[in-house]
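Here are the chains, one letter per residue:
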Amino acid sequence: MTSLIGYYTTKFGELWDKSLFDLAEEAIDGVLKATNLENKQIDAVFFGNMLAGVLGNNLHSTSKLAEILKINVPIFRTEAACASGGTAFNLAKTYLDSNSNKNVLVIGAEKMTDYSPEEVITALSAAASGEEQEAGLTFSGLYAMMANFYLEKYHYTEKNLAYVSVKNHYHGSLNDKAQFRRKITVEDVLKSAYVSYPLKVLDSSPISDGASAVVLTNNHDMIKKQKYSTAVLASEVITDTISLKSRKQIDEILATKIAADSAFKNAKISRKQINVVELHDCFSIAEILAMEDLGFWKKGQGGAKIKELSTMYGNGGNLIVNTSGGLKAAGHPVGATGVKQIGEIFLQLTKQAEKRQVKNAKYGLAQNVGGSGGTAVVTILAA
Amino acid sequence: MIGIVSYGFYVPKYRIKTDEIATVWGKNPEDVKKSLLIEEKAVAGIDEDSLTMAFESSSSALSDVQIDKNKIKVVLFGSETHPYAVNPASTILAEFLGIEKNYLAYDTEFACKAATGAIISAQALIKSGYSDYALITGSDKGMGKTHDVLEYTAASGSVSLLLGKDDLILEILDFESFSSDTPDFWRREGIRYPSHGGRFTGKPSYFYHIEESSKSLFKKTGLKPEDFAYGVFHMPNGKFPVQVAKSLGFSFLQIKDSLTVNYLGNSYTASALMGLMAVLEKAKAGDLIFLCSYGSGAGSDSFVLRVTKNLTKRKKEFIKVIKNKKYIDYPTYLKFMEMI
Amino acid sequence: MISPVKIWRRQKEIRKILGKKGKVLLWTKIFTPGIDFKKYAPYPVVLVELENKERVYGQLVDYDNEDLKIGSKVFSILRKVRASSEDGVIAYGVKFKPL
């Protein structure tokens with residue numbers, strides 16, 4: 001059995017003073033300190049990052065991390081667009097399934113604010129197919145197409161989407177590592193400028209810097225020595241077509257559905273038992289689709305259900321979603337997000353979530369998506 | 001007999017009114033319209049260029065004939081706003097049209113008569129047996145400096161002609177060409193906008209060359225203006241073609257249908273040919289059409305064309321199509337022309 | 001500069017989908033584009049299903065706002081699709097016009 005024994009995240013935001021590897025180093029130092037481990041106790045490292053090659057001309061990051069850690073061990077980098085962090089975690093768990101008594105470090109990191117918004121938008125569109133890029137579609141454009149389709153099919157309006165951001169911003173105000181700490185209203189969202197119709201600035205996750213790291217181990221003595229630990233019940237990675245146009249259905253992310261079914265089967269628990277979820281709200285529509293695709297809400301109901309705000313902290317609901325602030329309010333340094341999501345669940349299950357602590361959180365789920373749904377990672381942890 | 005088998009034209013959707021431009025520069029719109037006789041002109045979108053417009057007009061020309069495209073062994077692209085300074089647009093056009101590779105292609109340049117000069121060369125290639133068909137395109141996204149008279153006249157458009165020897169809608173009965181070295185309008189390499197010699201573009205340039213070319217052809221053929229149902233002349237503005245037609249002996253009635261410049265502006269290599277498009281909508285079998293282009297620098301190609309019975313089966317609507325338009329304002333015009 | 005080889009390879013595919021009718025399956029309007037599309041912004045992008053069931057993405061041009069809806073009938077045309085550098089090869093491609 002693999003356990004997650006420690007987590008550290010940098011603040012997410014516009015971190016001008018720190019380079020990509022400054023951030024990675026901060027996360028590494030933080031998590032090793034939290035778990036009382038020394039560098040040389042790490043047996044392997046998994047690194048999730050999307051844009052360092054495209055934007056910074058930095059590849060071979062694995063060797064760079066070896067330089068930082070001053071160790072000679074296997075280090076792997078994974079890239080699956082915004083699911084880079086989640087897939088790094090998945091590979092780490094898979095590594096531990098085949099290697100006993102090892103401690104593994106998982107880091108997700110991204111540096112985006114060194115570049116102009118157009119450069120970043122162009123780089124992010126690398127997660128889309130060549131044809132989508134040539135048509136001038138941006139990442140937000142693809143989700144906007146899905147949003148238009150969903151809103152028309154199920155008879156909702158932009159107003160329904162706004163509740164996602166309102167909830168996540170409230171959560172962000174409770175998380176001192178979040179990029180955005182201010183609460184917003186539905187009117188604020190509706191008044192914000194369009195990014196890709198119908199998605200507006202306040203429907204969209206920001207451009208952020210940040211790094212998050214966790215330590216996983218399957219060494220029972222190590223787990224016993226640790227103050228905090230959560231069992232990793234399941235981690236599934238499922239892929240689907242890169243092109244939105246080739247998907248079977250537009251109003252769902254099939255990869256999420258399959259990964260979730262598989263994860264719940266392997267974890268041997270039911271959806272009703274999940275208390276906290278961190279899901280991939282790169283845009284407000286994505287949270288609604290995720291709640292349906294993960295099986296918490298029926299397909300098409302999401303637009304109505306979100307208005308109830310039952311998944312908002314403090315409303316008495318039994319499933320709270322995105323207490324970190326989600327991608328919207330916590331920020332979305334692409335490669336770091338997948339790891340941060342799992343880390344947030346860890347904090348909830350180990351009662352370290354402070355002002356946003358969900359009472360009696362026993363089981364948690366993290367969902368990380370790449371591109372417009374080409375990759376989905378679903379992870380389930382138990383306290 | 002060599003002639004035109006089919007034709008196609010393309011005018012972009014957008015128009016800018018003379019009123020709109022004049023107001024920006026503090027000129028009295030009525031004065032400008034009176035002097036140029038142009039109400040509005042056609043403007044290509046920001047993502048259009050001479051090649052994309054040529055594709056539209058050529059596709060139209062090829063759409064109503066069933067021919068083996070492999071028999072089109074001549075593709076000539078005439079423009080003064082070629083997409084490249086060096087790289088043939090004629091092959092890009094041919095490739096998109098599906099014309100396969102055993103063909104002669106080149107791009108031509110002679111200001112506004114680049115395409116009509118190509119007609120003369122192409123008909124010789126058909127006559128000599130090299131090719132059964134030739135595709136000629138005149139296509140321009142005409143540019144003019146701001147606060148210059150060209151700003152009111154320089155427009156966008158494209159006309160394509162498929163030349164052949166069978167199943168003609170228009171016979172090319174005869175032609176003449178008149179050339180000289182007259183620098184009335186030019187553009188240097190690397191310079192964005194053309195320059196012109198003001199009033200020098202009139203009598204010694206436009207009028208001299210058109211008159212000489214036309215008189216030459218009248219002499220050669222023994223024909224006189226009254227023998228023609230229509231006269232079509234190059235249209236740098238709304239006044240010159242009317243004046244030159246009169247001086248040659250044509251009546252206003254003979255040329256009035258051809259004056260596309262009044263509502264479309266001057267699409268350079270497609271200018272005279274666009275006038276021909278308007279006339280063909282009305283022409284009848286047996287009509288003689290006098291077509292005379294002008295290219296600055298300078299020269300003039302004149303043609304005697306005769307309409308055959310086949311025109312009725314390949315005639316295209318013009319006036320109705322042109323009416324599908326959308327007006328833009330001055331900043332949008334500058335954006336579309338990539339001047340800002 | 002966009003690779004001329006990539007443009008050349010792409011143009012062979014573009015030829016096959018020019019001049020075809022279709023209907024809009026998905027649409028959006030982009031206000032914050034990437035570098036090569038800045039000068040066209042804001043612009044709508046549509047996913048069109050052609051009569052032969054093939055699905056093609058492209059910008060929608062020469063449109064009115066009423067055309068921006070699922071089900072609109074459109075036609076594929078040739079336009080410049082992205083701003084090449086001043087010295088690069090011009091990228092021509094498919095866009096759509098309302099029928």
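Residues numbered from 1 in each chain as written. Chains lettered and ligands numbered in written order. Predicted model: local features only at pLDDT ≥ 70, side-chain atom pairs only at ≥ 80, totals over all residues. Heavy atoms only, no water.

Concerning the overall build of chain C
Piece 1. The secondary structure content of chain C amounts to one helix and five strands.
Piece 2. Starting at the N terminus and ending at the C terminus, chain C contains elements arranged as α-β-β-β-β-β.
Piece 3. Computed over the C-alpha atoms, the radius of gyration of chain C is 14 Å, within 12% of the 13 Å expected from 2.2 N^0.38 for a compact globule of 99 residues.
Piece 4. Seen along its three principal axes, the alpha-carbon backbone of chain C occupies a region of about 40 × 30 × 15 Å.
Piece 5. Split into buried and exposed, the 99 residues of chain C put 55% on the buried side.
Piece 6. Surface accessibility of chain C: about 4,600 Å² in total, with carbon and sulfur atoms responsible for 53%.
Piece 7. Averaging the locations of the 21 positively and 11 negatively charged side chains of chain C gives two centres separated by 4 Å. (Helix = DSSP H or I, 4+ residues; strand = E, 2+ residues; numbered from the N terminus. Rg over C-alpha atoms; globule rule 2.2 N^0.38 Å. Buried < 20%, exposed > 50% of the residue type's maximum accessible area, 1.4 Å probe, protein only. Areas by Shrake-Rupley, 256 points an atom, 1.4 Å probe, with all protein chains shown as cover. Lys, Arg positive; Asp, Glu negative; His and termini not counted. Charge placed at Lys NZ, Arg CZ, Asp CG, Glu CD.)

Brief notes about the overall build of chain A
Piece 1. Secondary structure summary: chain A contains 15 helices and twelve strands in total.
Piece 2. What you see for chain A is a C-alpha radius of gyration of 19 Å, in line with the 21 Å of a compact globule of 383 residues.
Piece 3. With the C-alpha coordinates aligned to their principal axes, the bounding extent of chain A is approximately 55 × 45 × 40 Å.
Piece 4. Out of the 383 residues belonging to chain A, those deemed buried represent 66%.
Piece 5. Summarising the internal contacts of chain A: among those between residues at least 6 apart in sequence, 78% fall at separations of at least 24.
Piece 6. Approximately 13,800 Å² of chain A is accessible, and the part contributed by carbon and sulfur atoms is 49%.
Piece 7. The centroid of the 41 positive side-chain charges in chain A is displaced by 8 Å from the centroid of its 39 negative side-chain charges. (Contact = heavy atoms within 4.5 Å.)

Remarks on the domain arrangement of chain A
Residues and elements named next belong to chain A.
Piece 1. Each assigned domain of chain A is listed with its residue range as follows: domain 1 (3-115 + 208-230) and domain 2 (134-207 + 231-382).
Piece 2. The distance between the C-alpha centroids of domain 1 and domain 2 comes to 23 Å.
Piece 3. Facing the 44 residues of domain 1 at the interface are 41 residues of domain 2.
Piece 4. Across the domain 1/domain 2 interface, buried area totals approximately 3,000 Å², and carbon plus sulfur atoms make up 72% of it.
Piece 5. Of all residues in domain 1, F12, C82 and T230 bury the most surface against domain 2, accounting for 25% of the area lost on that side. (Domains from an automatic or database assignment. Buried area = accessible area lost by both parts, 1.4 Å probe.)

A word on a nonpolar patch on the surface
All names here are of chain B.
Piece 1. On the surface, L104, Y106 and Y130 cluster together into a nonpolar patch covering about 240 Å² of accessible area.
Piece 2. You can see L104 is positioned in strand β5 (residues 104-108).
Piece 3. Judged by relative accessible area, L104 falls into the partly exposed class, the value being 31%. (Patch = residues over 30% accessible without salt bridge, like charges linked within 9 Å, V, L, I, M, F, W, Y side chains within 5 Å. Salt bridge = Lys/Arg side-chain N within 4 Å of Asp/Glu carboxyl O.)

Some remarks on the interface of chain B and chain C
Piece 1. Across the boundary between the two partners, chain B contributes 21 residues, which contact 21 residues of chain C.
Piece 2. Together, the buried faces of chain B and chain C total about 1,900 Å²; carbon and sulfur atoms form 50% of this surface.
Piece 3. Sorting the residues of chain B by area buried against chain C places B:D47, B:Y84 and B:F96 first, and these three jointly supply 32% of that buried surface.
Piece 4. Viewed at the interface, chain C and chain B are joined by seven salt bridges.
Piece 5. Across the salt bridge formed by C:K39 and B:E338, the nearest N and O atoms sit 2.2 Å from each other.

Focus: the pattern of salt bridges
Residue and element names in this part refer to chain B.
Piece 1. Tallied over the entire structure, the rule returns 49 salt bridges over all chains.
Piece 2. For D132, the salt bridge is made with K165, and the minimal N-O distance between the two is 3.4 Å. On the criterion of sequence distance, the pair formed by D132 in the loop between α5 (114-127) and β6 (133-141) and K165 in the loop between β7 (156-164) and β8 (170-182) is long-range, its members being 33 residues apart.
Piece 3. D132 gets classed as partly exposed once you look at its relative accessible area, which sits at 29%.
Piece 4. What makes K165 partly exposed here is its relative accessible area of 36%.

With respect to the sheet that holds strand β1 (residues 3-9) of chain A
Pairing between the strands of a sheet comes from backbone hydrogen bonds, and it takes one of two forms, parallel or antiparallel.
Residues and elements named next belong to chain A.
Piece 1. Read across the sheet, ten strands follow the order β3-β2-β4-β7-β1-β8-β12-β11-β9-β10 without closing on themselves; strand pairing throughout is mixed. In the strand order of this sheet, the two ends are held by β3 (75-78) and β10 (320-321), each with one partner.
Piece 2. For strand β2 (residues 44-48) and β3, the ladder comprises four bridges, and the chain directions are parallel. Along β3, the bridge assignment pairs F46 with F76. (Pairing = 2+ DSSP bridges.)

Here we look at the interface of chain A and chain C
Piece 1. Each partner contributes to the interface: chain A provides 29 residues, whereas chain C provides 27 residues.
Piece 2. Summing both partners gives a buried area of about 2,400 Å² for chain A against chain C, and 62% of it is carried by carbon and sulfur.
Piece 3. Together, A:E134, A:M145 and A:K245 form the three largest contributors to the area buried by chain A at its contact with chain C, with a combined 28%.
Piece 4. Applying the counting criterion to the chain A and chain C interface returns two salt bridges.
Piece 5. Seen at the junction of chain A and chain C, the total is 13 residue pairs in polar contact (both at pLDDT 80 or more).
Piece 6. If you list the elements that add at least two residues to the side of chain A that touches chain C, you get α5 (117-124), α6 (130-134), α7 (139-154) and β5 (194-197) of chain A.
Piece 7. Both β5(A) and strand β1 (residues 21-30) of chain C contribute to a ladder of two bridges, which runs antiparallel. Its bridge partner being in β1(C), A:Y197 is matched across the sheet by C:K29. (Polar contact = N/O pair within 3.5 Å; in protein donor to acceptor, adjacent residues only side chain to side chain.)

Looking at helix α15 (residues 334-349) of chain A
At 3.6 residues per turn, the α-helix brings residues three or four places apart onto the same side.
Residues and elements named next belong to chain A.
Piece 1. A rise of 1.5 Å per residue sets the reference length of α15, with its 16 residues, at 22 Å; its end C-alpha atoms lie 24 Å apart and thus fit the reference within 8%.
Piece 2. Counted residue by residue, α15 has 16 buried out of 16 residues, so it is predominantly covered.
Piece 3. After α15 finishes, the residue K351 shows a positive phi value of roughly 55°. (Expected span 1.5 Å × (residues − 1).)

With respect to the side chain of A:H171
Piece 1. Mapping A:H171 onto the fold places it in helix α8 (residues 158-172).
Piece 2. When its relative accessible area of 0% is taken as the criterion, A:H171 is described as buried.

Points about the sheet that holds strand β2 (residues 14-17) of chain B
All names here are of chain B.
Piece 1. The strand order across the open sheet built from three strands is β3-β2-β14, with neighbouring strands paired in mixed fashion. Edge positions in the sheet fall to β3 (40-43) and β14 (326-327), since each has one partner strand and no second.
Piece 2. Relative to β3, β2 is paired through four bridges, and the arrangement is antiparallel. Of the residues in β3, the one forming a bridge with R15 is A42.

As for the arrangement of the chains
Piece 1. A comparison of contact numbers over the two pairs of chains in contact places chains A and C at the top.
Piece 2. The two units chain A and chain B never meet; even their closest C-alpha atoms stay 13 Å apart.

Looking at the pairing of β5(B)
Residue and element names in this part refer to chain B.
Piece 1. Across five bridges, the pairing between strand β4 (residues 72-78) and β5 is parallel. Looking across to β5, one finds that L76 is bridged to Y106.
Piece 2. Running through helix α4 (residues 89-97), the crossover from β4 to the neighbouring parallel element β5 is right-handed. (Right-handed = clockwise from strand over helix to strand, strands pointing away.)

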